[in-house]
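# Chains, contacts and geometry: an overview
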Amino acid sequence: MNSRSTPFDELDRKIITALMANARTSFAEIGTAIGLSATAVKRRVDRLRETGVITGFTATVKPSALGWRTEAYVEVYCEGAAPPRRLAEVVRDYSEITAAMTVTGGADALLHVRARDVEHFEEVLERIRQEPFIRKTISVMVLSHLLPESPEAGASHPAPEEFPGGAAGVR
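Residues numbered from 1 in each chain as written. Predicted model: local features only at pLDDT ≥ 70, side-chain atom pairs only at ≥ 80, totals over all residues. Heavy atoms only, no water.

### Here's the deal with the sheet that holds strand β3 (residues 109-115)
We apply this condition: At least two DSSP bridges between two strands are required for those strands to pair. Under the DSSP-based scheme used, a helix requires at least four consecutive residues in state H or I and a strand at least two consecutive residues in state E, with every element numbered from the N terminus. An axis is simply a line fitted to the C-alpha atoms; with a helix, the fit covers only the stretch in contact. Between two such axes, the angle follows the N-to-C directions and lies from 0 to 180 degrees. Whether two residues touch is decided by their heavy atoms; if any such pair falls within 4.5 Å, the residues are in contact.
An order of β2-β3-β1-β4 is seen for the 4 strands of this open sheet, with the pairing classed as antiparallel. Both edges of this open sheet fall to β2 (97-102) and β4 (134-141), since each of them pairs with a single strand only. For this sheet, the mean inter-axis angle between neighbouring strands, taken without regard to orientation, is 20°. Note that β2 and β3 share 5 bridges and pair antiparallel. Among the inter-strand pairings, A100 is bridged to a residue of β3, identified as L111. Most of the contacts of helix α5 (residues 118-129) go to β4, to which it runs at about 160°, and overall it touches β1 (70-78), β2, β3 and β4.

### Observations concerning the packing of aromatic side chains
The way to describe two aromatic rings as a pair is by their centre distance and the angle between their planes. Defined as follows: Here a Phe, Tyr or Trp ring, Trp counted by its six-membered ring, pairs with any other such ring whose centre lies within 6.5 Å, and the pair is stacked when the planes are under 30 degrees apart, edge-to-face when over 60, and tilted otherwise. A ring has a charge above it when a Lys NZ or an Arg CZ is no more than 6 Å from the ring centre and no more than 35 degrees off the ring normal.
Evaluated as defined, the whole model comprises 0 aromatic pairs. The cationic tip of K136 hangs over the ring face of Y77; the distance from NZ or CZ to the ring centre is 4.7 Å.

### Overview of the pattern of salt bridges
Threshold: A carboxyl oxygen of Asp or Glu within 4 Å of a side-chain nitrogen of Lys or Arg is what we treat as a salt bridge. The buried label applies to any residue whose accessible area, calculated with a 1.4 Å probe on protein chains only, is under 20% of its type's maximum; exposed applies above 50%, and partly exposed to all values in between.
Scanning the model with the defined rule gives 9 salt bridges in all. Two residues, R44 and D12, come together in a salt bridge whose shortest N-O distance is 2.8 Å. Taken together, the residues R44 in helix α3 (residues 38-50) and D12 in helix α1 (residues 10-21) connect sequence positions 32 residues apart. Under the relative-accessibility criterion, R44 is labelled buried at 18%. In this structure, the salt-bridge partner of K42 is D46, at a minimum N-O distance of 2.5 Å. In this pair, K42 and D46 both sit in helix α3, 4 residues apart, roughly one turn of the helix. Residue classification places K42 among the partly exposed residues on the basis of a relative accessible area of 39%. Several salt bridges share partner residues, and in doing so they unite D9, D12, R44 and R47 into one network.

### Remarks on empty space enclosed by the protein
What counts, and what does not: Cavities and pockets are defined on a 1 Å grid built over the protein atoms alone: a cavity is a set of grid points where a 1.4 Å probe fits but cannot escape, while a pocket is an open set with protein on both sides within 12 Å along at least five of seven lines, and lining residues are those with an atom within 4 Å of any such point. Grid points are joined across faces, edges and corners, and a volume is the space filled by probe spheres set on the points. By the convention adopted, Pro, Cys, Tyr, Trp, Phe, Met, Ile, Leu, Val and Ala count as nonpolar, Lys, Arg, Asp and Glu as charged, and the other residues, Gly among them, as polar.
With the rule as written, the count across this model stands at 1 cavity of 30 Å³ or more. A volume near 60 Å³ is recorded for the largest cavity. With 3 residues, the top contributor of residues to the lining of the largest cavity is helix α4 (residues 84-91). In terms of residue class, the lining of the largest cavity is made up of 9 nonpolar, no polar and no charged.

Right under this line is the structure:
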C-alpha cells in the first residue's frame with residue numbers, strides 16, 4: 001500500500017466509511033452525504049484503489065445459504081519453525097480454510113475453517129494433520145456469532161462440491 005505518498009484526508013475516510021457500510025452505495029449518494037460531486041467521489045475511489053487502500057468489493061452472504069453449516073477455529077502447532085510462506089502454501093490447498101494467520105502465543109498459526117457439517121470438518125482436520133510439519137491442532141467450534149454483522153459471520157465462497165466417492169472437492 002502506498003498511502004504515505006498519497007494524501008488521505010477526512011473526505012477519503014468518509015468515502016471509505018460509506019463503502020464499508022454498503023459497497024453498493026452510489027458515488028452520487030456518497031457525494032451528497034459528504035459535499036462532493038459523484039465525479040469527485042469516483043476519482044477519489046479510483047485513487048484509493050490504485051494506492052491499495054481499497055482492496056476490493058465483496059458480498060457478504062449467510063454461510064448456511066452456501067452450504068457452510070459448521071465453523072471452527074483451529075490452532076496449528078508446527079514441528080520446529082515452519083516459515084509463514086510454507087504455511088501459506090498449505091492453507092491455499094483447502095477451500096474450507098477461509099482465513100489463516102500466524103499468531104503469538106503457543107500456536108504457530110490460527111485457521112478459520114468452514115465445513116458443510118461436523119463430518120466434513122473432521123475430514124478437513126485430518127487432512128491438515130497429515131501435513132508433515134504439523135505437530136498438533138486444537139479446534140474450537142463456533143456456536144453462534146455475537147456480532148452477526150461482522151465479516152467473520154459471512155461467507156466469501158460456496159462449499160465445495162462432493163466428488164464421486166465422497167471426497168470433498170479441494171481447490
